[in-house]
Amino acid sequence: MRALITAGLSAFAILASGALADEPAAMAPVGAWTVETIGDAGVLDQTEPSLIIQADGRVNGSSGCNRYSGTATLADDEMGFGALATTRMACAGAVMEQERAFLSALESVTGWREAADGRLVLLGADGKSLMVLVRGTNA
């Protein structure tokens, strides 16, 4: 029993010291995000578009009116989304316009960066911001 405890403590000490540098770092964009802006526009009140990125590349969330799911590819600062499946509920005109802008922006994403304040910025091929998201639990 004492040997097992000693081995466990040794493993903890190695992990805590960062000696296992070969372990992959967690990808910054993995997690739940709430959309703050799409292009230059803020999102409509009470729509809360969201994006959940899982470590295995699966994505899902709310487009503001409908739910969606699909896959993403992540590599360093590159990101792209595959075909997304969405539900097909109808919402008010402005909400549907925002949803189209959101889904169109996701289709155009080619990269990402983390802003100094921790926001996730999704980038287009020209390097310009397509969407800004904040970590959230409402996704």
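On a predicted model such as this, the values are computed, not experimentally measured, just so you know.

(A) Highlighting the overall build of the protein. In terms of regular secondary structure, the protein is built from 2 helices and 10 strands. Taken across its 139 residues, the protein has 35% of its residues classed as buried. Accessible surface, the protein: about 8400 Å² in total, of which carbon and sulfur atoms supply 56%.

(B) Local environment of the environment of G64. Examined against the element boundaries, G64 turns out to sit in the loop between β4 (58-62) and β5 (67-75). A residue is classified by how much of its surface remains accessible, and G64, at 17% relative accessible area, is buried.

(C) Inspection of the confidence of the model for the protein at higher detail. The pLDDT averaged across the protein works out to 84; a share of 78% of its residues lies at or above 70. In this model, residues 1-26 is a region of pLDDT below 50 whose contacts with residues beyond four sequence positions or in other chains number 3 contacts.

(D) Examining the packing of aromatic side chains more closely. Summed over the entire model, instances satisfying the criterion amount to 1 aromatic pair. Here the aromatic rings of Y68 and F102 are separated by 5.6 Å at their centres, their planes lie at 55°, and the arrangement is tilted. Here Y68, found in strand β5, pairs with F102, found in helix α2 (residues 93-108); they are 34 residues apart in sequence, far enough to count as distant. When sorted by exposure, Y68 lands in the same class as F102, which is buried.

(E) Here's a closer look at the state of the cysteines. Tallying each qualifying case throughout the model produces 1 disulfide. Between the sulfur atoms of C65 and its disulfide partner C91 the distance amounts to 1.8 Å. One quick way to see it: the torsion about the S-S bond of C65 and C91 is about 85°, and its sign makes the bridge right-handed. Taken together, the residues span a long stretch of sequence, with C65 in the loop between β4 and β5 and C91 in the loop between β7 (85-86) and α2 at a distance of 26 residues. Since its relative accessible area comes to 10%, C65 is described here as buried.

(F) Looking closely at the side chain of N66. Its location among the elements puts N66 in the loop between β4 and β5. Looking at N66, its side chain comes within polar contact range of the main-chain nitrogen of R88, at 3.3 Å.

(G) Local environment of the pattern of salt bridges. In the structure shown here, the tally under the stated rule is 3 salt bridges. One salt bridge connects R58 with D56, and the closest N-O pair in it is separated by 2.7 Å. Taking the relative accessible area as the measure of exposure, R58 reaches 45% and is therefore partly exposed. Salt-bridge contacts for D117 lead to R119; the nearest nitrogen and oxygen are separated by 2.4 Å. Through salt bridges with shared partners, a single network forms among E36, D117 and R119.

The rules behind each value
Every chain's residues receive numbers from 1 upward, in the order its sequence appears when written. Local features are withheld for residues below a pLDDT of 70 in this predicted model, meaning they are given only at 70 or higher, and side-chain atom pairs are given and counted only at 80 or more; totals for whole chains, interfaces and linings count all residues. Side-chain calculation: all heavy atoms of the structure are included, whereas hydrogens and water are not. Only DSSP runs of H or I with at least four residues qualify as helices, and only runs of E with at least two residues qualify as strands; both kinds are numbered from the N terminus onward. A 1.4 Å probe rolled over the protein chains alone gives each residue an accessible area, and that area as a share of the maximum for its type sets the label: buried under 20%, exposed over 50%, partly exposed in between. Using a 1.4 Å probe, the Shrake-Rupley method yields the accessible areas, and only the shown protein chains count as cover for residues. By definition, pLDDT measures how confident the predictor is in each residue, and it falls between 0 and 100. Every residue pair with non-hydrogen atoms within 4.5 Å of one another is taken to be in contact. Geometry of aromatic contacts follows a simple scheme: Phe, Tyr and Trp rings, the Trp one being its six-membered ring, pair when their centres are within 6.5 Å, and the pair is stacked under 30 degrees between planes, edge-to-face over 60, tilted otherwise. Disulfides are defined in this document as cysteine sulfur pairs within 2.5 Å. A 3.5 Å cut-off defines polar contacts: any pair of N or O atoms within that distance qualifies, except that in protein one atom must be a possible hydrogen donor and the other a possible acceptor, and neighbouring residues in sequence count only when both atoms are side-chain atoms. Salt bridges are counted wherever a side-chain nitrogen of Lys or Arg sits within 4 Å of a carboxyl oxygen of Asp or Glu.

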